[in-house]
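# Structure at a glance
Listed below are the residues making up each chain.
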Amino acid sequence: MDHPAPDPIALLALADPKLSGSLSAGLEKRSHPLPPEVLSGLVDFILKSISQEISLGETVAQSLAQLVESGDPEFLERFCRMTDEAAGIGPTFGRLMASHLGPVLRTVRPGLLRKFESAVRVMHAKGIHTLYEPLACLSDLIAAGDLAGAEAFLELMEETFAADLSYGQTRHFAHVLPQAAASFRRDRRATQLQQIRRVMATDTALVDALLEGLSLGLTFLSPDALDTFVTRGFEKVGGNPTAGRNFLSLSSGIARIVLEKLQTAVPLDEAKPGIERYLQARTGIRISVKSLSDLPASSWASGDAPPLVCTDGRHLYLVDVLDRYETRAENMALYRTLSRLESACIEFGTFDFELERLREACPELPHGGSATETGESDLVQFFALFPNPELAGNLFTIFEHGRLLRFAAARYPGLVRRLMPVLEKEICTCCQSASKDPGKLLYAGVTLGLGNAARLLEVPEISESVQTLCRRFENSAARLPAVESSALLAFEAYPVLASRDFQEGSRPFRFPFGMKIRPDLFRDACRHLTPLIDRIQAELEKQGQKAFRADIRKQLIETGGRLSPESFSVILASSRSRRDSTPPDGLPVDLYSRLSESLPDLFEPAGGVPDHPVDASQVFWYREWSAQIGDFLDRHVRVVEYLPPGDAEDMFEGVLKDYRGVVLTIRRAFELLKPQGLTFLRHWPDGEDIDLPALMAAVADRKSGHTPSDRIYSKRFKETRDVSVLLLVDLSGSTKNLVPGTRKSVLSVEKEAIVLFCEALQVVGDDFAVAGFSGRGRLQVDYYRYKEFEETVTRKVRRRISGMTPQRSTRTGAALRHATRVLSRRPSRVRLLILLSDGFPNDTGYKRDYAVADVRKAVAEAASKGVHVRPITINLWAEGNFDSLYGSLHHNVISDVRELPDTLWRIYCALTK
C-alpha cells in the first residue's frame with residue numbers, strides 16, 4: 001500500500017519550529033503555490049545547511065522565507081545552488097552568500113546578478129574579510145531602491161580587488177569604499193562611484209585623496225563638473241604627484257577655487273541658518289529646518305521621488321542639496337522660495353484641522369471612527385470617510401494651497417508677488433495636458449485664478465464643473481475661513497471628480513515641488529501628545545467645558561507641554577466663539593482652581609515660563625588652520641549651537657553653602673572692584689565748577705607778580721566698568737574622571753567654580769555669559785549656551801549650568817572662533833574670553849601639532865578682534881609644554897583641580913581690576 005509523501009514543512013518543524021514558521025509565512029504570501037518538488041528541495045537544502053552549521057541553516061531559512069514570497073522557482077534553485085557552492089568552501093562564506101544573494105535575486109535583474117557573481121569571485125580571492133562590509137552596503141543600496149548605484153558599486157568592487165593590492169590595502173578599501181558609497185546622495189551615487197573607479201584604474205594611491213575631497217564638498221558637483229575636476233587632478237598628478245593628491249583632496253587653495261567655480265549645487269547646511277532666521281522673524285514661530293534624509297524612506301510611496309520640501313507641522317524638511325538650476329544663486333533662491341511657501345502651512349494653521357468643527361459646519365458629512373479611537377490625525381480620519389482617500393487628500397491639498405496663497409497674499413503682498421513667477425512656472429510644468437485632466441486644471445485655477453490658468457496653460461475651454469468649484473473656492477472665506485474650509489470644498493468637489501480619471505492614467509497627480517499636505521507626518525510628530533490631550537479633554541468635560549483636540553494640541557506645542565491659565569482661556573474661547581457671540585475673557589477663578597488641582601503636572605502657574613528643550617538654533621561654518629599645507633581650510637568645521645534644557649536639579653545653593661567662607665571672601669574682594677560712584681577731580685583747565693582753593697592760589701600768584709595757573713576748575717564723573725566676559729568650558733569626555741583623593745569628577749569641580757564665578761560677577765556687575773563645547777569630528781562641534789549676556793542668573797540658568805555633563809572630544813580651535821564671534825559683537829571696551837579646559841585638544845583628525853597650531857591661530861585671531869583669551873588649564877595628568885599651545889604668557893595652569901573654585905575668581909580679579 002502506497003503511503004502519502006511526508007509534508008516538507010512538517011519535517012522542517014521537527015528540526016526547527018521557528019524556521020518552519022518563517023518559511024510557512026513566506027509561502028502564504030505567494031500568489032501561486034510552489035510545486036511540491038521545489039518545496040521539498042528547499043526544505044532539504046535548509047536541513048542540509050542546519051546539519052553543516054546551525055547559524056548557516058538559520059540564515060538560509062530566513063533568506064528563503066523572504067525569497068519564496070514572490071521568487072520564481074528558477075531563482076530559488078539558483079539561490080540554493082550558489083549558496084551550497086559557497087558553503088562548500090566554508091560556512092562563513094555560505095552565510096554571507098545566503099544573507100546577500102537573496103536581495104540581488106529579488107531585483108530580477110540578470111545584469112545585477114552577473115556583476116554580483118563576478119565581484120564576489122574577485123573579492124573572495126583576496127580573502128573572506130573583503131566581503132563583510134561591501135556586501136552589507138550592497139544590500140542596503142538594493143533595499144533603498146538604488147539599483148543603478150548597486151551596479152556601479154559592484155563594478156567598483158571588482159575593479160578595486162582585481163588590482164595588485166597588499167593585505168593592508170584590501171582591508172582598507174573593504175572598509176572605506178562601502179562607507180563612501182553609503183554616504184553619497186542617491187541621485188549622484190552611481191556617477192560618483194564611477195569617478196572613484198576611474199581613479200582606482202589610474203592609481204590606487206589617489207583614491208583616498210578623492211574620497212577626502214568628496215567628503216569635503218566634491219559630492220555637490222554635477223556629474224559633468226566632477227568629471228572635469230578629476231581630469232584637472234590627473235593633469236596635476238602628471239606634473240607633481242603631491243600637488244595632484246592635494247588637488248583631489250581639496251587641500252590646496254587652487255582646488256577650492258576650482259570647486260567654487262564648478263559647483264552650482266547648494267547644500268542645506270549652507271542655506272539653513274538664513275532660512276531659520278527669516279522664518280523666525282516673519283512668523284514669530286520657532287520653525288526648525290531639517291533635512292529630508294532625517295525622515296524614514298518609508299515616508300514616500302514605493303517608486304515615488306521624494307519632494308523638495310514638506311512639513312510635519314513643527315519642522316520644515318528640505319532636500320539635502322539643491323541643484324535644479326545652473327547657478328548657485330538660483331538654487332539658493334529656490335531654497336528660500338520653498339521654505340516660504342511650505343512654512344505657510346504652519347503659520348496659517350493647516351494642521352489645526354478639527355473634524356468635529358467641520359461636522360458642525362457640514363452636518364451631512366458621513367460619520368466614521370474618531371481620532372481618539374483610531375489614533376489617527378483628524379485629517380487622516382477625514383480622508384478615510386471617502387471611498388478613495390487618495391483623491392480626497394489631493395482635493396484637500398488643492399484647496400488648501402489656494403487658501404494659503406490667499407492668506408499669504410493678504411499679509412505679505414510683496415513676498416507673494418516675488419514668489420509667483422517661480423510658482424507659475426512650476427505649476428505649468430506639473431499641469432501639462434491640463435485640458436485632459438480636470439484635477440490639474442482645478443489646481444491651476446484655484447492657485448492662479450481661472451483667467452491666469454487658462455492663459456498660462458493655453459487651455460481653450462474650461463469645463464463648467466471646474467469653473468463652479470473655483471467660484472466656490474473664492475466664496476469659501478465667508479462661510480468658514482479656517483482650514484476646515486478646504487476640507488469642506490474637498491467634500492463638495494469629490495462627487496464631481498470621483499468619476500473622472502483624476503490620476504491621468506496610472507500616474508498620481510504631481511504637486512509643484514512635491515508640496516502635498518502630509519497629515520501622516522504631523523501625526524507621527526505629535527503622537528506623544530495624544531495621552532496629554534486625552535487627559536485634558538476628559539478633565540474639561542468633567543468640568544462641563546467643551547474643547548477641541550486641535551486647539552489643545554496647538555497650545556501644548558506652543559508651551560512645550562505646560563499649560564498656563566492663559567492657554568486654557570485660548571482653548572475654551574476657540575470652542576465658545578462658535579456658539580457665543582461674545583466669548584468670556586480669561587479663565588474663571590473656580591475653574592482655574594479645579595484644573596490646577598486635577599492637572600498639577602500640566603498646569604504652569606500664571607506668569608510662569610515653561611522649561612522645555614530647544615532644538616539646535618543655528619549652524620556656523622569656520623575655517624581651520626592646517627599646519628600641513630600652511631594655509632586655512634575654508635568652511636572646514638561646523639559648529640552647532642544649542643540652548644540646553646533647564647531641567648536639572650539646581651546645585652547652586654549647595655555649592656554656596658559648602659564654600660560659604662570663599663563666598664564671603666569673593667564678595668569682599670569684588671565689592672572693591674565695583675565703581676565708587678562719583679569721583680571729584682580738582683585742578684582742571686575746564687570743568688563744571690570753580691575749584692575755590694585753586695582760584696585763591698591763582699589770585700595770590702597774580703598779586704605777587706607770578707604767572708597764575710589756569711587750572712582753577714573741578715569736575716565730577718561717574719566711574720563705570722565696561723567689561724564683557726565669556727567663560728567657555730571644555731565638556732570633553734575626560735572631565736568625567738575623578739579628582740585624585742576625592743569622589744568628585746573634574747566637571748563637578750568645574751561647575752562649583754562656575755557657581756562662584758557667577759556669584760562674583762553678579763557682585764561686581766560685569767556683563768558675562770557661560771558656554772560649553774565638545775567635539776564629534778569636524779562636522780559636529782557642539783556649542784552649548786548656558787547663560788546669555790542679556791540673561792540674569794535665573795532659576796532656569798542655574799538649572800542649565802547644573803545640567804552640564806561630559807560629552808566627547810575637544811576641538812578647541814572651532815569653539816574659540818565661535819566664542820570670539822559672539823564676544824566680538826559686545827560693545828564693551830574690555831572683552832575677555834576665559835577658557836576652562838583640562839588639557840590639550842583632541843578630536844578626530846585633530847591631534848598633536850595640527851591641533852596646537854590651529855589653537856594658536858584661533859587665539860591670535862581673537863586678539864586681532866579685540867578679544868583677550870585667558871586659558872585656565874587644569875593640569876590633572878601633569879602634562880607639560882602648555883606654552884606651545886597658548887604661548888608663554890597669559891595662561892594659568894592649576895596642578896590640583898581642588899584649587900579651581902578659589903583660584904578662578906582671583907584670576908579674574910587680577911585681569912580686570
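Above: the structure in question.
The notes below deal with the structure included here. (Residues numbered from 1 in each chain as written. Predicted model: local features only at pLDDT ≥ 70, side-chain atom pairs only at ≥ 80, totals over all residues. Heavy atoms only, no water.)

## What about the overall build of the protein chain?
This is how the line gets drawn: Counting from the N terminus, the helices are the DSSP runs of H or I reaching at least four residues and the strands are the DSSP runs of E reaching at least two. Type-normalised accessible area, obtained with a 1.4 Å probe on protein chains alone, sets the label of each residue: buried when under 20%, exposed when over 50%, and partly exposed for intermediate values. Two residues form a contact once any of their heavy atoms are found within 4.5 Å. All accessible-area figures derive from a Shrake-Rupley calculation using a 1.4 Å probe, and residue coverage is judged against the displayed protein chains alone.
Helix and strand counts for the protein chain stand at 42 helices and 16 strands. Scored against the burial criterion, the 913 residues of the protein chain give a buried share of 51%. Partitioning the intrachain contacts of the protein chain with sequence separation of at least 6 by distance along the chain shows that 71% fall at a separation of at least 24. Working note: accessible area of the protein chain is about 42,100 Å², and carbon and sulfur atoms make up 52% of it.

## Structural notes on the packing of aromatic side chains
Put simply, the rule is: The criterion for an aromatic pair is that two Phe, Tyr or Trp rings (for Trp, the six-membered ring) have centres within 6.5 Å, with stacked assigned to planes under 30 degrees apart, edge-to-face to planes over 60 apart and tilted to the rest. Either the NZ atom of lysine or the CZ atom of arginine qualifies as a charge over a ring when it sits within 6 Å of the ring centre and within 35 degrees of the ring normal.
Tallying each qualifying case throughout the model produces 17 aromatic pairs. Residues Phe-382 and Phe-383 carry aromatic rings whose centres are separated by 5.9 Å and whose planes lie at 55 degrees to one another, so their mutual orientation is tilted. Feature note: the residues Phe-353, Phe-382, Phe-383, Phe-386, Phe-396, Phe-491 and Tyr-494 constitute an aromatic cluster, connected by ring pairs. The residue whose ring lies beneath Arg-623 is Phe-632, and the NZ or CZ to ring-centre distance is 3.6 Å. Over the ring of Trp-625 we find Lys-857; its NZ or CZ atom is 4.2 Å from the centre of that ring.

## What about unusual backbone geometry?
For Leu-250, which is not a glycine, the phi torsion comes out positive at approximately 60 degrees. On the accessibility criterion, Leu-250 (4% relative accessible area) is buried. Here Phe-513, not a glycine, exhibits a phi torsion of approximately 60 degrees, which is positive.

## Brief notes about the nonpolar core
General note: in soluble globular proteins, nonpolar side chains tend to be found buried as a group. Condition: Note on terminology: a nonpolar core comprises buried Ala, Val, Leu, Ile, Met, Phe, Trp, Tyr and Cys residues joined through side-chain atoms within 4.5 Å.
Membership of the largest hydrophobic core comes to 95 residues, with the highest contact counts inside it found for Tyr-335, Phe-382, Leu-395 and Leu-442. A per-element tally of this core places helix H22 (residues 389-411) first, with nine residues. Excluding anything up to four places from it in sequence, Tyr-335 contacts Val-266, Pro-267, Leu-268, Ala-271, Ile-275, Leu-318, Val-319, Asp-320, Val-321 and Leu-322. Counting residues in each nonpolar core, the second largest holds 76 residues, with Val-120, Leu-141, Leu-165 and Val-199 among its members.

## What about the pattern of salt bridges?
The condition is simple: Salt bridge, as used here, is a side-chain nitrogen of Lys or Arg placed within 4 Å of a carboxyl oxygen of Asp or Glu.
For the structure on display, the rule yields 38 salt bridges. Close ionic contact of Glu-347 with Arg-411 constitutes a salt bridge, the shortest N to O distance being 3.3 Å. Of the two residues, Glu-347 is situated in helix H18 (residues 344-347) and Arg-411 in helix H22; the sequence distance between them amounts to 64 residues. Its relative accessible area of 13% is what places Glu-347 among the buried residues. Where Glu-624 meets Arg-811, a salt bridge forms, and the shortest distance between an N and an O atom there is 3.0 Å. One end of the pair, Glu-624, is in strand E6 (residues 619-626); the other, Arg-811, is in the loop between helix H38 (795-802) and helix H39 (812-824), with 187 residues separating them in the sequence. A residue is classified by how much of its surface remains accessible, and Glu-624, at 0% relative accessible area, is buried. One connected set of salt bridges, linked through shared partners, spans Lys-115, Glu-155, Glu-159 and Arg-197.

## Section: the sheet that holds strand E4 (residues 315-318)
Condition: In this description, strands pair whenever DSSP reports at least two bridges between them. All axes are obtained by fitting lines to C-alpha atoms, using only the stretch in contact for helices, and the reported angles, taken between N-to-C directions, cover 0 to 180 degrees.
The strand order E2-E4-E3 describes an open sheet built from three strands, whose pairing is mixed. Single-partner strands in this sheet number two, and they are strand E2 (288-291) and strand E3 (309-311). For this sheet, the mean inter-axis angle between neighbouring strands, taken without regard to orientation, is 25 degrees. With four bridges joining them, E2 and E4 adopt parallel strand pairing. Bridge pairing in E4 links Lys-290 to Tyr-317.

## Observations regarding the pairing of strand E12 (residues 767-775)
Counting buried residues along E12, eight of its nine residues qualify, which places the element largely inside the surrounding structure. Both strand E11 (residues 723-730) and E12 contribute to a ladder of seven bridges, which runs parallel. Pairing of Leu-727 across the sheet is with Val-770, part of E12. Bridge analysis of E12 against strand E13 (residues 781-787) gives six bridges, and the strand direction is antiparallel. Across the sheet, residue Ala-771 finds its bridge partner in E13, namely Arg-785. Hairpin remark: E12 followed by E13, antiparallel, with five residues in the connecting loop; positive phi at Gly-777, about 95 degrees.

## Some words on a nonpolar patch on the surface
In plain terms, the rule: Each patch is built from residues that are more than 30% exposed by relative accessible area and take part in no salt bridge. Like charges join if they lie within 9 Å; nonpolar side chains (Val, Leu, Ile, Met, Phe, Trp, Tyr) join within 5 Å.
A cluster of nonpolar side chains, Ile-690, Leu-692, Leu-695, Met-696 and Val-699, forms an exposed patch at the surface whose accessible area comes to about 450 Å². The biggest single contributor to the nonpolar patch is helix H36 (residues 692-703), with four residues.

## Section: the packing of helix H11 (residues 186-202) against helix H13 (residues 223-239)
Rules: The cut-offs work like this: below 35 degrees is roughly parallel, past 145 is roughly antiparallel, 65 to 115 is roughly perpendicular, and the gaps in between are oblique. Two helices cross in a left-handed way if the nearer one is turned anticlockwise from the farther one by less than a right angle. They cross in a right-handed way if the turn is clockwise. Throughout, the ten residues Ala, Val, Leu, Ile, Met, Phe, Trp, Tyr, Cys and Pro are labelled nonpolar, Asp, Glu, Lys and Arg are labelled charged, and all others, Gly among them, are labelled polar.
Where H11 contacts H13, the axes come no closer than 10 Å and their chain directions differ by 15 degrees. It follows that H11 is roughly parallel to H13 by the angle criterion. In the packing of H11 onto H13, the handedness of the crossing is right-handed. Contacts from Arg-188, Thr-191, Gln-192, Gln-195, Arg-198, Val-199 and Thr-202 of H11 reach H13 at Pro-223, Leu-226, Asp-227, Val-230, Thr-231 and Phe-234. Per-class residue counts for the contact of H11 with H13 are five nonpolar, five polar and three charged.

Such coordinate-based values are descriptive only and should not be taken to indicate function.
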